[in-house]
Each structure stands twice: as C-alpha cells, then as structure tokens.
Amino acid sequence: MQFDRIREKLNILADAAKYDVSCSSSGSTRKNEGKGLGNSHTSGICHTYTEDGRCVSLLKILLTNHCIYDCLFCVSRKSNDVKRAAFSVDEVVELTMNFYRRNYIEGLFLSSGIFKNADFTMERLLLVCKKLRLEQNYNGYIHLKTIPGASDELIKEAGLYADRMSINLEMPTEAGLKLLAPEKSHNDVIKPLSFVQQNIKQFAADKKLIKHVPKFVPAGQSTQMVIGATPESDKDIMYTANTFYKNFSLKRVYYSGYVPISNDSRMPVLGTQPPLLRENRLYQTDWLMRFYGFKVQEILNDANPNLDVDIDPKLSWAIRNMQHFPIDINKADYKMILRIPGIGVMSAQKIVQARKFGKLRIDQLKKIGVAYNRAKHFITCADSPYQLKDYQGTQIKAFILADSQSKYIKTDSNQLILF
Amino acid sequence: MTYIFDGSFPGLLTAVFEHFERKAAKVKLKAATVFQPEAFSEHLYVITDSEKADRVWTGLQKKIKRDWIRKFYCSYLSEIAEAYDHLFQFAIYIFQNEAGAESNYGNDHVIALSKYAKSVEREKHRMEAFIRFQHTADGIFYTGVDPDFNVLPLISNHFKNRYADQQWIIYDLKRKYGLHYNLDTVEEITIDFSKGTNSKNPDPILLDGKEELYSVLWKDYFKSANIVARKNTKLHIRHVPKRYWKYLTEKQLS
Ligand code: SF4
C-alpha cells in the first residue's frame, strides 16, 4: 500500500460517507466457522464514539465519491467542487481486515457514489464482499448499500454475503425528494427494498424444508430519511416511517438531521444548526412505536402534526390522555404500565414480576429504577399518598418541567437523552 | 456473628454451606482482606472446602434460572466488599424460599445482585468494545487493560470465537494475570514486566512494522467520521468515560 495515498483516500471517502447515520452492527448471527476471522454479536458492539456522540462500530466508507447524479442534499453530487477518490477492491479488503484484527471495528459499511452506471457500481461492491467472505474467510459484519437501479441478479448475489442491506429514502415525501433530486423517486427505493424482502422470505421458507440454506441478509434492511432539508411535518415523517416498517419489515429507519453543505435557495443555508433536538424526538417516537406498543396515530395526528419540543412524546401522550391515569402499579396490564412516563421496558418487566410477591411500595419502585418524580403523577401503588384533587394535564406538565428544570429547559441541541 | 472467607468463589459458597450446617441466626459475610476484628463481635473463619462449595453451587443451579446463575457469578466478579454479603444473603434467601424467588425485585438482595451484575456486564461489554490490539513483532495481538471489575473470565469466549485465526493476549495489569489464545485454547498467564521498558504497552520496538501505519489510519478515520456541526462533548463522554481513553488508539495524540 502506498501509505500517503491510502491516507488521503481514506480521509476523502470516510468524510463523504459519514452523513449516512446508520451504525448498527446488530441483528446478525453469523458464526466464525472453520476458524476464520470474526463473527457477529447479536446486539452489536459500538467500538468508539465520535466527538459528536455517535457510535462508531463499522468502517463506513464509500468505494468512490465520483457520481453521475446531482442530488442537491449530497456532498458527492456531480456539481459539487470536492476532491474525488476511489478505493480499489483490494484496498478496502485490506483496511477492513486490519482494522478488524485490532478490534477497532465490528465490520464494514460499504456504500458508493454511482460511477458509470448502477450495475458497474454494484458489481464492484459485490466483489469486495466476495473477497472478504471467500478469500479472507472473514465472518465479521457487512452492511452493504443497495445501489438503486442495479440488476436483480447482482442484488440477489450481494444478499448472500451481506448481513444488512440498506437503501435510503433520503426525503420523507416524494414531493420533497422531487424538489431536491428531480432525477430520483421513492419508487427507485421501493423496488429493490421489496425485492430483497421477498428473497429474505423465500430463503426463510426454504430453510424450513432444506437443511443447508445459505444466509440471506440475516440482519435485514434499513433506510434513512434526511430531516429538516425540506418542509415536512413530524407527522409526514413518522407516517412514512410507519408505512416502510410495515410494508418492508424494515429493521430500522434512521432520521438524519440535515447538516447544510451548500447554499441553495431550496434548502437551509450554510451554518444553520442541524435540527438535533427534533431528530431526537423522532427517534423517541420511533422507539414508542417499536417497543412500547404505541400506534403512530396516537402520537401524531391532524390535531398534533408536530412533536412537542419541551417534553418527550411519551409524556405528551400521557398528559393529553389523562383519562387513563392514575394507573394502579399493582394491578394494571404490562401494556399500560409501559405507557407510564418515567417507566421504561426494564422497570415495567421488573414490576410485573415483583408484584407477585406482594404489593409494591414507593421505595421499592425507586430501587427497581422507576423515575418516581415523573411517574408519581400517573400512578398509585401500595403507599401512595392520598390525592385531594385531580390535576389537569397542563398542571402536571408544569410540575414536571419545574422539577426537571436542568434536564428539560436546558435541553438544547447539545444534550440529548432517549427517555 | 460475622463469617470471614478467603475471597474466593468456592470460599463464598462454603460459607453458605456452613450457615445451614450451624443454623446460626444473624450472620454477615466479609472477605478476609477487608475484615477488621471488632472487639465484641463474634466471628468465624470459613475454611474453603470445594466439596461443600460444589454442593451449594449445584443446589443453586437447581433452584434459580440460568440468567440468575450468571448474575450471581457476575456479582462475585465485581469484587465489591458489600457484594459478598449480598451474595451470601441472597443464596440463603433462595434456599429458604420456593423456586422463583429470584424474581422478587422487592427484595433488597435481589435488587442488589441485579445492580452489581448490570455494572459488571457493562464493564465486560466495554472491554469487548474498547480493547485495541497491537500487533507485536512476534505475531501476537496484544493488549493490556485494568478493568474496574474482574471481567477477563467473562470476555474470554468472545475473543476466542471472534479472533480464532490470530494469537492474542489480553493482560489485566491491575490483577496481574492475563489470557493467551494460542490458536487452540485460552490459557491463563502471568508476565514479568520488570524486564520490559514499559508496563502499559509492549515496547514499541517490538511492534510489527505495520502497526504504526494502521493506528494512524484509524486515528484519521476517527477524525473524518466526526461531524463538526453536531459536536456534543457531553454525550461523547457519557458513552466513552474518560477513564477508558487510555485504551483507545484513536484518543492517543500522534
Ligand atoms: S446518487 Fe447518491 S452519491 Fe450520487 S449524488 Fe445522489 S445521493 Fe449523492
């Protein structure tokens, strides 16, 4: 390897890849067979965190940032004046192997600008995967970008070597996408997403009948939407997310606050802060849908098209729906306990186990991990103090905000917590 | 009444055995290393007995689910002085109650163990994440660590399965023992560092020629992956507490 040249390429091609926020290395079960190198960890491992607080688990690079398209939101677009570079297939393989051996990474996230045409690009990506798997006996994680417009054969073959595949919606609505990338359409994404999904199903079905069926995209598919580049509401964004989760059994939808990269009248100007708090609220909503049994329509609807800024969406829902509260910790269904602000999945599970041994008291709830100062407005337990009056949702919100001043008022874009 | 044990895992289990043998009323358990005799308190030195320990261990395995066996062992590895007494009381509580008693999160010892185990598992996970191997001239991938808890027994399998085709050493500098994977099995080793020039890292002269190149590339990558407009130091430090920075290649100045 020519060291200085590799160094320059890595800088350019890692820099261009970083706006894809997916970092997950989870969901695969690939084992290290035949004493090769690597395996996957079911829940993934974040090996380090960048100074912006994002997890680094994969070597995330573009094969090249040359691109024949001109999507306005993308640093690699044709008309942008940036340095261009391209890795050779062997260079990517060597970097991946050597980073992996030192426990720097869980694996490779390989994407690319589109050079020549979709198939030519997809073929190169496929070649990297094949070399890693077949020549290097590498069993670490591979996240591969599906190149829109690539042929079914190439996509299907890639699925035999990748753990996860993804393809980005980019903008939450077709109208938004058309505004910034007239050459593109959500259909370019839907077609390969559903093709891969069908194959995942087919392989799973075959597996029931035949013993040795190879793995096919074992960690499933994901997508990403850019937030704040176009004027969609939170409702638009989350309804799109919900549809894609449902229709394509996606493992994850990522929301990436737009970081301005150029001055164009159609988008936020350079220097505009990326909408990090909004991004965080969207992720919270995503979690409520996936792990807390909420329907997206309960959180966002025509009356509430945008998420509250000052409080998280679970608390928002609760104070809009005070008719469900207070909930008796010692009697309520697990499903309802999950909906109480200040109680997470782990605490809810512990509560339903522990209450079999006797009615739970406040001090026990605190030890279990309930954020009692928040939850107390919504629950009763064995020794709850007698409530003289029913508070309105708005009053409770005021109490909680006063109580957690430091946490919420100061919640600017620099301090983000999930729940 | 206080029982004093030698700090070993079988020692702890033996203490549980002795308790049921002697049917003493209120007993506390302490490790010999931290025990300071108090004038009027009664105490008993527990003599570790592997047979008695085995009986207690088998008994526990019959009574509590596997994830709780793991929590029990992890709590022991925390090496926290108070954890030993909680383990002791927990075992007694389990043997005195019907099966399933471990899910009583209203019980102090149950909660205590689940917290110790959580901290130890987190440290284990951090070691799996933050360890950085350096390739030495004799072909071994080496790292030295000093984890808050004694987690080497917990991470051994992970590294063995993952790095099956390379020799590696993970050395606990605080507890002065390490693991060496020799392409076949993992052996416990001790290294005499007094001869070396640097006890934290292997002597740089002994590193493989390419080691420096890859560490530079990795540091470059770490910088490139950062989005300056999103800088969030608080979050960064919450994920990677400063005490782990010494492990991280990307955090070393070049
Ligand atoms: S096709 Fe992809 S790489 Fe090319 S400009 Fe559009 S988003 Fe960027």
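These notes cover the structure that comes with them. (Residues numbered from 1 in each chain as written. Chains lettered and ligands numbered in written order. Predicted model: local features only at pLDDT ≥ 70, side-chain atom pairs only at ≥ 80, totals over all residues. Heavy atoms only, no water.)

Regarding its fold elements, chain A presents 16 helices and 10 strands. Here the C-alpha atoms of chain A give a radius of gyration of 24 Å, agreeing with the 22 Å that 2.2 N^0.38 yields for 419 residues. With the principal axes as the frame, chain A shows a C-alpha extent of 75 × 55 × 40 Å. Looking at chain A as a whole, 57% of its 419 residues are labelled buried. (Helix = DSSP H or I, 4+ residues; strand = E, 2+ residues; numbered from the N terminus. Rg over C-alpha atoms; globule rule 2.2 N^0.38 Å. Buried < 20%, exposed > 50% of the residue type's maximum accessible area, 1.4 Å probe, protein only.)

Residues and elements named next belong to chain A. Pairing is parallel in the open sheet, where six strands are placed in the order β3-β4-β5-β6-β7-β8. Taken across any chain shown, the strands that pair with only one partner, and hence form the sheet edges, are β3 (58-62) and β8 (252-257). Neighbour to neighbour, the strand axes of the sheet diverge by 20° on average, direction disregarded. (Pairing = 2+ DSSP bridges. Axes fitted to C-alpha atoms, helices over the stretch in contact; angles between N-to-C directions.)

Once that is clear, we can look at empty space enclosed by the protein. All names here are of chain A. Taken as a whole and judged by the stated rule, the model has two cavities of 30 Å³ or more. When its volume is computed, the largest cavity comes out at roughly 750 Å³. What lines the largest cavity is a set of 42 residues, and nearest its centre among them are D20, F73, C74, N168 and E170. Every element with two or more residues in the lining of the largest cavity is listed here: α1 (3-17), β3, β4 (107-111), α6 (186-209), β7 (221-227) and β8. The class makeup of the residues in the lining of the largest cavity is 24 nonpolar, 10 polar and eight charged. (1 Å grid on protein atoms, 1.4 Å probe; cavity = no way out; pocket = protein on both sides within 12 Å on 5 of 7 lines; lining within 4 Å. Points joined across faces, edges and corners; volume = space filled by probe spheres on them. Nonpolar A, V, L, I, M, F, W, Y, C, P; charged D, E, K, R; others polar.)

Below, the discussion takes up the site of the ligand. Every residue lining the ligand is accounted for by C67, Y69, C71, C74, R77, G113 and K184 of chain A. Taken atom by atom, the bulk of the ligand overlaps the largest cavity. (Near = heavy atom within 4 Å. Sits in = over half its atoms within 2 Å of the grid points.)

Residue and element names in this part refer to chain B. Of the two faces of strand β1 (residues 2-5), the one lined by T2 and I4 and the one lined by Y3 and F5 are each fully buried. Here β1 runs beside strand β3 (residues 43-45); their pairing, made up of three bridges, is parallel. Note on β3: the bridge partner recorded for Y3 is L44. Across four bridges, β1 lies against strand β2 (residues 28-31) in parallel orientation. Each bridged residue has a counterpart across the sheet, and for T2 the counterpart in β2 is K28. Handedness of the crossover joining β1 and β2 through helix α1 (residues 9-22): right-handed. (Right-handed = clockwise from strand over helix to strand, strands pointing away.)

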